[in-house]
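What the coordinates show
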Amino acid sequence: LTEPLLAEPWTLDVPVLLPAGRIARDDAGHAWWRSADGATTLPLAGDAEGLLCGTDLTRTAAIWSGNRLTILAALTQLSQLGRSAIK
Amino acid sequence: LHWDNSVAIELKAIEQLAADQSSLKAAAGLAKPAKWSGVGASRDGALLWGECAGSGANPYRVMADLRDLGNKCTCPSRKFPCKHVLGLLWLNAEAIVPFAPADTPAWVSDWLGRRRTGGGAPKTASPDAPAASKDARAAQLAEPEALEDPKEVARREAAAAKRSEGTERAISDALDALEQWIGDQLRMGLSAFIDDATARCRRIAARLVDGKAAALAGRIDELPGRILALPAGDRPRGAVVELGKLVLLARAFRAAPRDADTRRAVATSESRETVLADPHTLQVNASWEVLAEQVPDTARRAGVGDDLAAQSRPGRSALRDAARFFPGQRRTARVGVCAVRTVFGRTGLLSVATAAARVAGSAGGSGGCGCAGVAGGGASARRGLDRAAAC
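Residues numbered from 1 in each chain as written. Chains lettered and ligands numbered in written order. Predicted model: local features only at pLDDT ≥ 70, side-chain atom pairs only at ≥ 80, totals over all residues. Heavy atoms only, no water.

Quick notes on the overall build of chain A
The cut-off we apply is this: Put simply, DSSP H or I for four residues or longer makes a helix, DSSP E for two residues or longer makes a strand, and each gets a number counted from the N terminus. Each residue is assigned to one of three classes by its accessible area relative to the maximum for its type, calculated with a 1.4 Å probe on protein chains only: buried under 20%, partly exposed between the two thresholds, exposed over 50%. The contact criterion used is simple: two residues touch if any of their non-hydrogen atoms lie within 4.5 Å. To measure how exposed things are, a 1.4 Å probe is used in the Shrake-Rupley method; for residues, cover is taken only from the protein chains shown.
The number of helices and strands found in chain A is two helices and seven strands. Taken from the N to the C terminus, the helices and strands of chain A come in the order α-β-β-β-β-β-β-β-α. Taken across its 87 residues, chain A has 44% of its residues classed as buried. Considering only intrachain contacts with a sequence separation of at least 6, the fraction spanning at least 24 residues in chain A is 43%. In the form shown here, chain A has an accessible surface area of approximately 4200 Å², with 52% of it arising from carbon and sulfur atoms.

Written out as structure tokens, the structure reads:
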């Protein structure tokens, strides 16, 4: 994930397509995206409420700033979730 | 600022604004009514404009905003501000000619519009643009080159080279001003910068617009929003990261001013035609699915959203309607991708076309509106995303 940001370090963010994972919350209530294998964990910008939280996400399209992940859309077992369902 | 809300400038401020003593001396020579025409001011006196006779056939158009001392002149001088701007301010400060309140001329409004939007708004193609560009190409084909006067061609090329040189100098000066500004912010303290980020960023963004670094100006105009979106505890670190990235970008541009990526980030984006004509552009013919649309704040303020909405009015052609993106939409198109970022290598290489994609063919184009999409060909969203994963 850091490679494109390192190649052009002035870049503000990069679009990413993430593999299977889900959104979790820590004790402080902050939301994180966590890969299904548990190897990668990325902090989310803002809160993740509604349908997105806890749902198995087959694929997730997002923008990674190097600091926070902003989810654009996610594909679940049931349907595709757009921004309106995520916010 | 006067009690009656009118704005005025004093000679002392002009002295401080001048780049050097010779600029002031030259400005004094221009502070004579005979040199000027079309002098006017806005109702509150904050905006001044006038046309100053120069060595060329056409007078230079000079304008200034007394609220932040932003200014612009059409002369080729590399000094900022030039003697014409100082001369205009001098005329006003000493009341040498009356600045009658008048309607703002279009050329002043254009400049103001660019300053207000930070200059970073992507240029949307006007509804008539495709037809106009086709006509221009057709005209070029129709006109045999032999009819071109070689002297005229040489004169035009020399003028273009001079303009280009002037642009490079202006950008370089603007980047100098930016680095100095960043140093000032750090010296004065991050806490004060975060508290006053909007006003401070707007001032330097206006300076960058004047210095032809429009894309950078747009980015700085949106910087306060990005910092304030962070939790309070993260803002100092966020500010340092943002300012540090600006320094890196300025230095990268200086090291390679012709590099397309840095130029896009500092000056302006290429036109759709330029991107598609570039042999190095990766052109992808595929079925694309729009996952989300992001319109930068600068573009939103410039009315890009309104423009797109207007394009979808009944009676418009299908081609123009197709220029509008919406999530979930799928369409087959040839896309020239300016930047493909390869990400998440551990699970297979995934490529996502970024905001800079220029759409060609039947799909029309957003002219730079942020649009994240993935290439795919499936009949369902699932298959679309799976295909993207296989790219």
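Digging into the sheet that holds strand S1 (residues 36-41) of chain B
Residue and element names in this part refer to chain B. So the rule is basically this: Two strands pair if DSSP finds at least two bridges between them. For helices, the fitted axis covers only the stretch in contact; all axes are lines through C-alpha atoms, and the angles between them, taken along N-to-C directions, range from 0 to 180 degrees.
With respect to topology, four strands assemble into an open sheet ordered S1-S2-S3-S4, the strand pairing being antiparallel. Of all the strands in the sheet, just S1 and strand S4 (70-73) have a single pairing partner and so form its edges. Neighbour-to-neighbour, the strand axes of this sheet turn through a mean angle of 10°, independent of strand direction. Judged from the four bridges that link them, strand S3 (residues 60-65) and S4 form a sheet pairing that is antiparallel. Within S4, the position partnered with aspartate 65 by the bridge is glycine 70.

Overview of the packing of aromatic side chains
Residues and elements named next belong to chain B. What counts, and what does not: For Phe, Tyr and Trp, rings pair up if their centres lie within 6.5 Å, where Trp contributes its six-membered ring, and each pair is then called stacked (planes under 30 degrees apart), edge-to-face (over 60) or tilted (otherwise).
Tallied over the entire structure, the rule returns one aromatic pair over all chains. Taken together, a centroid distance of 5.9 Å and an interplanar angle of 75° make the contact between tryptophan 181 and phenylalanine 193 edge-to-face. Residue tryptophan 181 is found in helix H6 (residues 150-188), and its partner phenylalanine 193 is found in helix H7 (residues 190-195); the two are separated by 12 residues along the sequence. Judged by its relative accessible area of 11%, tryptophan 181 falls in the buried class.

So, the pattern of salt bridges
Residue and element names in this part refer to chain B. Applied cut-off: Whenever a carboxyl oxygen of Asp or Glu lies within 4 Å of a side-chain nitrogen of Lys or Arg, that contact is scored as a salt bridge.
Going through the model one piece at a time under the given rule, you end up with 16 salt bridges over all chains. A salt bridge links glutamate 165 to arginine 169; the nearest nitrogen and oxygen atoms lie 2.9 Å apart. Of this pair, glutamate 165 and arginine 169 both sit in helix H6, four residues apart, roughly one helical turn. What makes glutamate 165 partly exposed here is its relative accessible area of 48%. You can call arginine 169 partly exposed: its relative accessible area is 25%.

Here's the deal with the pairing of strand S1 (residues 14-18) of chain A
On a regular strand, each side chain points to the face opposite its neighbour's, so the side chains alternate between the two faces of the sheet. Most of S1 of chain A is tucked away, with five of its five residues classed as buried. Alternating residues of S1 of chain A divide into Val14, Val16 and Leu18 of chain A and Pro15 and Leu17 of chain A, and every residue in both groups is buried.

Some words on the packing of helix H2 (residues 21-30) of chain B against helix H3 (residues 83-93) of chain B
All names here are of chain B. Cut-off, in case you're wondering: Any angle that falls under 35 degrees is termed roughly parallel, while one over 145 is termed roughly antiparallel, one within 65 to 115 roughly perpendicular, and all others oblique. For a crossing to be left-handed, the near helix must be turned anticlockwise from the far one by less than a right angle; the clockwise case is right-handed. Three residue categories are used. Nonpolar comprises Ala, Val, Leu, Ile, Met, Phe, Trp, Tyr, Cys and Pro, charged comprises Asp, Glu, Lys and Arg, and polar comprises the others, including Gly.
The contact between H2 and H3 brings their axes to 8 Å, and the two run at 55°. Considering their axes alone, H2 and H3 lie oblique with respect to each other. When the axes of H2 and H3 are compared, the crossing they make is right-handed. Between H2 and H3, the residues in contact are Ser23, Leu24, Ala26, Ala27, Ala28 and Leu30 and Lys83, His84, Leu86, Gly87 and Trp90, respectively. When its residues are assigned to classes, the contact of H2 with H3 shows seven nonpolar, three polar and one charged.

Observations regarding the environment of leucine 89 of chain B
Residue and element names in this part refer to chain B. You can see leucine 89 is positioned in helix H3. Judged by its relative accessible area of 2%, leucine 89 is buried. Separated by 20 residues in the primary sequence, leucine 89 and leucine 69 have C-alpha atoms spaced 9.5 Å apart.

A look at helix H11 (residues 235-255) of chain B
The condition is simple: For a helix, the expected span equals 1.5 Å multiplied by the residue count minus one.
Relative to the 30 Å expected for 21 residues at 1.5 Å per residue, H11 of chain B spans 30 Å between its end C-alpha atoms, a close match to the ideal helical length. Here H11 of chain B has its buried residues at Gly238, Ala239, Glu242, Leu243, Lys245, Leu246, Val247, Leu249, Ala250, Ala252 and Phe253 of chain B.

Some points on the side chain of serine 42 of chain B
Residues and elements named next belong to chain B. For clarity, the threshold we go by: A 3.5 Å cut-off defines polar contacts: any pair of N or O atoms within that distance qualifies, except that in protein one atom must be a possible hydrogen donor and the other a possible acceptor, and neighbouring residues in sequence count only when both atoms are side-chain atoms.
Relative to the helices and strands, serine 42 is located in the loop between S1 and strand S2 (47-52). Residue serine 42 is classed as buried on the basis of its relative accessible area of 11%. Engagement of the side chain of serine 42 in a polar contact is seen with the side chain of aspartate 44, the distance being 2.7 Å. If we ignore the near neighbours within four places in the chain, the residues touching serine 42 are Leu47, Trp49, Pro101 and Ala102.

As for the pairing of S4 of chain B
Burial of S4 of chain B is two-sided: the residues Gly70 and Lys72 of chain B facing one way and the residues Asn71 and Cys73 of chain B facing the other way are all buried. Taken together, S3 of chain B and the strand that follows it, S4 of chain B, pair antiparallel across an intervening segment of four residues, in which leucine 69 of chain B is found at a positive phi of about 60°.

Side note on the layout of surface pockets
Residues and elements named next belong to chain B. Counted only if it meets this: Put plainly, a pocket is an open set of points on a 1 Å grid over the protein atoms alone with protein on both sides within 12 Å along at least five of seven lines, a cavity is a set where a 1.4 Å probe fits but cannot get out, and a lining residue has an atom within 4 Å of a point. Grid points are joined across faces, edges and corners, and a volume is the space filled by probe spheres set on the points.
Of the volumes computed, that of the second largest pocket is approximately 980 Å³. Elements represented by at least two residues in the lining of the second largest pocket include exactly S3, S4, helix H4 (106-116), H6 and helix H8 (197-210). If one sorts the elements of the lining of the second largest pocket by residue count, H6 sits on top with nine residues.

Section: the state of the cysteines
So the rule is basically this: Count a disulfide wherever a pair of cysteine sulfur atoms falls within 2.5 Å.
For the structure on display, the rule yields zero disulfides over all chains. Unpaired in this structure, cysteine 73 of chain B has its nearest cysteine sulfur neighbour in cysteine 75 of chain B, at a distance of 3.6 Å.

A closer look at the packing of H8 of chain B against helix H9 (residues 214-221) of chain B
Residues and elements named next belong to chain B. Packing of H8 against H9 brings their axes to within 8 Å, and their N-to-C directions diverge by 170°. Considering the angle they form, H8 stands roughly antiparallel to H9. Contacts from Cys201, Arg202, Ile204, Ala205, Leu208 and Val209 in H8 reach Ala214, Leu216, Ala217, Ile220 and Asp221 in H9. Across the contact of H8 with H9, the residue classes break down as nine nonpolar, no polar and two charged.

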